[in-house]
Amino acid sequence: MLSLLAYAACAASPAYAQKFITVASTTSTEQSGLFKHLLPIFEKRSGIQVRVVALGTGQALDLARRGDADVVFVHARSAEERFVAEGHGVKRVPVMYNDFVLIGPEHDPAKIGGTRDIAEALRKIKAASAPFVSRGDRSGTHLAEIALWKAAGIDIAKEKGRWYRDTGQGMGPALNTASSLAAYILADRGTWLSFNNRGALAVLVERDKRLFNQYGVILVNPQKHPHVKRYAAQSFIDWIVSPEGQKAIAAYAIGGEQLFYPNADQPDA
Amino acid sequence: MLPLVLDRVSFAVQGRTIIDSVSCEIRAGERTVILGPNGAGKSVLMRLCHGLLAPTSGRVEWRGSGKNRRQAMVFQRPVMLRRSALENITYGLKLAGASRQERELRAHDVLEAVGLAHVAHHPARVLSGGEQQKLALARAWALGPEVLFLDEPTANLDPRATRDLESIVGHICASGTKIIMTTHSLGQARRLGDEILFVSGGRLVERAAVDLFFIKPASAEAAAFIRGELPWS
Amino acid sequence: MSELGAALAQAWALVNRLDSGLLGIVALSLEVSLTAVFIAAAVGLPLGALIAVGRFRGRDALIVVLNALMGLPPVVVGLVVYLLLSRAGPLGTLGILFTPAAMVVAQAVLVTPIIAALSRQTLEDAWREYEKQLRSLGASRFTAALTLLWDTRFALVTVVLAGFGRAAAEVGAVMIVGGNIDGVTRVMTTAIALETSKGDLPLALGLGIVLVSLVIAVNAAAQVIKTSAQRRYG
């Protein structure tokens, strides 16, 4: 054990240290490829390396509560506000939003194609008992799905039937499951655009305002966690809401389609 | 270190008595052979003398005042380390505290004396059974012990190797080391021994000079053993 | 089957164009696992030797515990090490969470019991053979332990390789304490997990094939060294 600690101490020595900050974010954000596009721009400008640890929303916030991250960058407004209220974060700043899309089989048994109303679409799916795949993993996407069922007047936990498949999987595997079952599924546009195994699936419902997914960025409170790299972290936050950062976000596209819509200029987003 | 005194030494394992109250005094000079049938407890008795086992009752005492406090033992099956023949010998010498130069010199000397100088740098484990046993003997001899224990050293060897080994034992004895050896071979006991300790069923049954023992054994068990009969217990 | 074919094609394509991302991941995987195994061997081999030749109260219980620890789930080790290295934890000030150092620590913890338990068995078997001779020559238990370690070195190579195999194959521990950070703590197993969760199965399988090939290469190298040394020492 002594040799282990000696190794650890050596590794932590200054020679190892390059200027970097740790950002806790979500798996769907990382898997969309946004960071691979965005971070090199910031790193070149500032010389600060941004290390993203991608987890589920709840895990990311818990990580920051323990002080293991300098910045939190997730998409769960009420959880974020609670985080700040607890004193773990300095301030929540809106950054951008992306959206969810309702995906389903091309032959569309519930006949929801073309609907602009997500609540109406969900009601039709339940009425038709059409197969529906849920992530079931308490992720941001899963929580958004439950909220949408609620908006449709359905308490899905009580009212689900055999047509509702609670898989407990990440977005990619859940899409794979939906593809093989020819089922409906709620997904974030980013993962859908990078998804290669579409089978007979297609986007059926989109652009309902309730499908918008707002991102916020928070500096972890240096008063509670003195080791937080506040200046480097703040410069990242400042950049990401600056015109340059916002433009970089908007510029990210998959197959020509924009994924994220910057809205740092809407303070109550 | 000699004389070695055994005072009512017993050894039992899980209730079974293997050595039953053996008392004797072993002096310097003559070659002592412990003779007896298989299972008599000869090996255990040797290990008790050498200190590898502790008696469950009684005492093993070295009552001598001499400067040499060294003993060595050679077992029925030689145990060689995964290194060269030479290095097996220097290993023992290093444990004894000899300097590097002394170790090298001494090891080469004994290898020469036992006729293994030509395989000094061969891996010890690829040597034949007879060669390995000679090497074991050389390793023990190199330490210059006052007492050398040999536990059925030729039991696994062919007649030629046996003869070679017995000759080396003779040299070692001539150089001043006390020999204490076990065997179940009547011929070997006759060839090598000066005195016989006859052990049977864990007890020291008889002790006599070699000639007297074979011509006129005092005990019935010894007589039966010499005639080649199996013990009846 | 077609997915397997696609995977093989992917693996070949990755290796062929010497994808720099892939090279970085492979290098880090080797660095982390080899360093961890080195530390685990430095701790585990002497430990196994001392238990093998030692005689003390509680020895049997210790052996049972050591053998059981071989089955430590990597994700549990990851969790425990994370809680230790977290800023909120006792060793937080070391600041090595989410760095390769943390991954080495976690894997070393995982592999040490394996090396200790397996070497203990090997050395105990050897001790049974060597004990009387070594004690007759006057070796202390400590010296005997060192002698046995060197003498059984060929069998111990296999023990260390078993440890390496475990380290190179695990994902649970390094995922939690490393964070799978792109370019910093992403290793082969966490990259495979990532591609799987993205749904890109051919790429994940392709990476898997590269990983298995790597482990085979390490084992082959060890075998060559072992055979040539065995020829010399018998």
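Residues numbered from 1 in each chain as written. Chains lettered and ligands numbered in written order. Predicted model: local features only at pLDDT ≥ 70, side-chain atom pairs only at ≥ 80, totals over all residues.

Visitor: I'd love a proper account of the sheet that holds strand β5 (residues 71-74) of chain B, names of residues and values included.
Guide: Sheet strands line up and pair through hydrogen bonds in the backbone, either parallel or antiparallel. Residue and element names in this part refer to chain B. Ordered by their spatial adjacency, six strands build an open sheet running β5-β6-β7-β3-β8-β9, and the pairing between neighbours is mixed. Each edge of the open sheet is held by one strand with a lone partner, namely β5 and β9 (203-209). Direction aside, the axes of adjacent strands within the sheet are offset by 15° on average. With four bridges joining them, strand β3 (residues 32-35) and strand β7 (residues 178-183) adopt parallel strand pairing. (Pairing = 2+ DSSP bridges. Helix = DSSP H or I, 4+ residues; strand = E, 2+ residues; numbered from the N terminus. Axes fitted to C-alpha atoms, helices over the stretch in contact; angles between N-to-C directions.)

Visitor: Provide a residue-level description of the packing of helix α3 (residues 59-69) of chain C against helix α5 (residues 100-136) of chain C, including the pertinent values.
Guide: Residue and element names in this part refer to chain C. Relative to each other, α3 and α5 sit at 130°, their axes nearing to 8 Å. Considering their axes alone, α3 and α5 lie oblique with respect to each other. In the packing of α3 onto α5, the handedness of the crossing is left-handed. Facing α3, whose interface residues are Ile63, Leu66, Asn67 and Leu69, α5 presents Pro113, Ala116, Ala117 and Arg120. For the contact of α3 with α5, the per-class residue count stands at six nonpolar, one polar and one charged. (Parallel < 35°, antiparallel > 145°, perpendicular 65-115°, else oblique. Left-handed = near helix turned anticlockwise from the far one by under 90°. Contact = placed C-beta atoms within 7 Å. Nonpolar A, V, L, I, M, F, W, Y, C, P; charged D, E, K, R; others polar.)

Visitor: If you had to explain the sheet that holds strand β4 (residues 57-62) of chain B to someone new, which residues and values would you point to?
Guide: Residues and elements named next belong to chain B. The strand order β2-β1-β4 describes an open sheet built from three strands, whose pairing is antiparallel. In this open sheet, the two strands that pair with only one neighbour each are β2 (16-26) and β4. Averaged over all pairs of adjacent strands, the angle between strand axes in this sheet comes to 20°, irrespective of strand direction. Relative to β2, strand β1 (residues 4-13) runs antiparallel, the two sharing seven bridges. The residue bridging Phe11 from the neighbouring strand is Ile19, located in β2. The sheet contacts of helix α1 (residues 42-50) involve β1, β2 and β4, and relative to β2 the element is tilted by about 55°.

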